[in-house]
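Chain residues, written in single-letter form:
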Amino acid sequence: MVTPPCSSDRRWFLATAAAAAAAAGLPGFLRAAAPMARRAPLFEISLAQWSLHRTLRGKELDNLDFPKKARALGIGAVEYVNQFFADKARDEKYLAELKNRCDGEGVKSLLIMCDGEGALGDPDEKRRTQAVENHHRWVEAAKFLGCHSIRVNAQSRGTWEEQRKLAADGLRRLSEFGDKHGIFVIVENHGGLSSNGKWLAETLKAADHPRCGALPDFGNFRVSDKELYDRYQGVDELMPFAKGVSAKSHDFDDAGNEVHTDYARMLEIVVGKHGWRGHIGIEYEGGKLAEDAGIAATKALLERVRAAMQTAMDAKATKDAKAGSGEGGK
């Protein structure tokens with residue numbers, strides 16, 4: 001049996017069940033409120049390494065110091081980008097040091113975002129096979145670091161149907177390898193037809209493997225210069241396959257809201273409709289704010305929307321509990 005990195009409501013249920021039992025002697029409406037006060041947040045927040053790509057490329061931050069940086073920003077889980085340690089995938093000494101630094105900071109490794117390893121949907125069978133094999137080392141590195149997934153691209157060429165068939169073939173073969181190591185292979189909407197939510201959902205269905213899933217990104221829905229897919233529809237279509245979620249951000253207004261994505265609307269889809277209870281990764285790509293400031297702004301926005309959603313859910317649950325016990329009055 002494949003255990004997903006986030007079981008939407010199971011972890012929430014287990015966390016609240018004990019609190020509910022402890023509160024069993026309280027009046028009805030207080031019994032409803034007590035578990036809510038004790039349960040974990042609706043979702044956790046992680047940091048995608050790409051948020052710091054300028055700092056890393058400018059040699060102001062070393063890849064080995066990424067966990068410490070994340071902790072300094074108040075974040076306890078990280079998502080790596082393979083290009084920042086491209087020659088270290090099978091360097092066990094290096095990976096052990098990175099893992100030790102994560103452990104020292106109390107930071108959890110979630111996934112490795114993989115680019116530059118070839119098109120998993122390449123029409124040429126030999127090149128497609130090579131692309132699959134190129135990703136093997138990152139599956140192994142992810143396993144070593146304690147990640148649950150590698151993030152890949154579903155790049156291909158041809159008609160809608162041809163690209164779906166080719167990408168599904170590469171994804172399935174890589175997922176079969178990932179299964180041997182307990183690692184998920186998750187696809188981000190990341191350009192071309194992969195930025196069309198309907199196409200990517202169809203492709204993941206065609207891959208038909210329990211280790212193959214999605215990493216819905218709030219912002220990567222530009223299919224071409226002439227086509228922009230609806231981001232809310234796309235995330236909605238991809239959430240049934242999600243093993244991770246990427247909160248893309250660029251610019252913010254004076255109230256701290258992201259100007260391109262309505263985070264309240266998006267999180268209602270992710271958390272409210274689809275019941276996501278795992279990590280949501282900050283991926284700041286803006287240029288107006290410094291990277292640290294952009295990360296902080298995104299984190300504050302996620303926390304604010306999360307708190308508002310939790311308050312609304314708690315109020316509804318308390319109201320329902322009062323009505324059910326007859327304590328709500330007429």
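Residues numbered from 1 in each chain as written. Predicted model: local features only at pLDDT ≥ 70, side-chain atom pairs only at ≥ 80, totals over all residues. Heavy atoms only, no water.

1. Comments concerning the state of the cysteines
Okay, step 1: As enumerated under the stated definition, the model contains 0 disulfides in all.
Okay, step 2: The thiol of Cys 114 is not disulfide-bonded; the next cysteine sulfur, from Cys 147, is found 9.5 Å away.
Okay, step 3: With no disulfide of its own, Cys 147 lies closest to Cys 102 among cysteine sulfurs, the gap being 8.2 Å.
Okay, step 4: A residue is classified by how much of its surface remains accessible, and Cys 147, at 7% relative accessible area, is buried. (Disulfide = S-S within 2.5 Å. Buried < 20%, exposed > 50% of the residue type's maximum accessible area, 1.4 Å probe, protein only.)

2. Considerations on the nonpolar core
Okay, step 1: Judged by nonpolar contacts, the single largest core of 89 residues is most densely connected at Tyr 80, Ile 112, Ile 150, Leu 171 and Ile 280.
Okay, step 2: The greatest single-element share of this core, amounting to 6 residues, is contributed by helix H11 (residues 263–273).
Okay, step 3: Other than its neighbours up to four places away in sequence, Leu 171 contacts Leu 120, Val 152, Ala 154, Val 185, Val 187, Thr 203, Leu 204, Ala 207 and Cys 212. (Core = buried A, V, L, I, M, F, W, Y, C linked by side-chain atoms within 4.5 Å. Helix = DSSP H or I, 4+ residues; strand = E, 2+ residues; numbered from the N terminus. Contact = heavy atoms within 4.5 Å.)

3. Remarks on the packing of aromatic side chains
Okay, step 1: Under the counting rule described, the total for this entry stands at 7 aromatic pairs.
Okay, step 2: Look at Phe 85 and Tyr 94: their rings are 6.5 Å apart centre to centre, the planes differ by 20°, and that puts the pair in the stacked class. Grouping residues by exposure puts Phe 85 and Tyr 94 together as buried.
Okay, step 3: Grouped by ring-pair contacts, the aromatic residues Phe 66, Tyr 80, Phe 85, Tyr 94 and Trp 138 constitute a single cluster.
Okay, step 4: When the ring centre of Phe 184 is taken as origin, the NZ or CZ atom of Arg 211, which lies over that ring, is 4.4 Å away. (Phe/Tyr/Trp six-rings, centres within 6.5 Å; stacked < 30°, edge-to-face > 60°. Lys NZ or Arg CZ within 6 Å of the ring centre and 35° of its normal.)

4. Structural notes on the pattern of salt bridges
Okay, step 1: If you walk through the whole model with that rule in mind, you get 23 salt bridges.
Okay, step 2: Here Arg 101 and Glu 97 are joined by a salt bridge, their closest N and O atoms 2.8 Å apart. A residue pair is termed a helical-turn pair when its members lie 3 or 4 positions apart in one helix, as Arg 101 and Glu 97 do in helix H5 (residues 92–105) at 4 residues.
Okay, step 3: Among the residues examined, Arg 101 registers a relative accessible area of 30% and is labelled partly exposed.
Okay, step 4: When the shortest N-O distance is used, the salt bridge between Arg 172 and Glu 176 registers 3.4 Å. With Arg 172 and Glu 176 both in helix H8 (residues 160–181), this residue pair falls 4 residues apart, about one helical turn.
Okay, step 5: A cluster of three or more residues bridged by salt bridges with shared partners is formed by Asp 217, Lys 248, Glu 283 and Glu 285. (Salt bridge = Lys/Arg side-chain N within 4 Å of Asp/Glu carboxyl O.)

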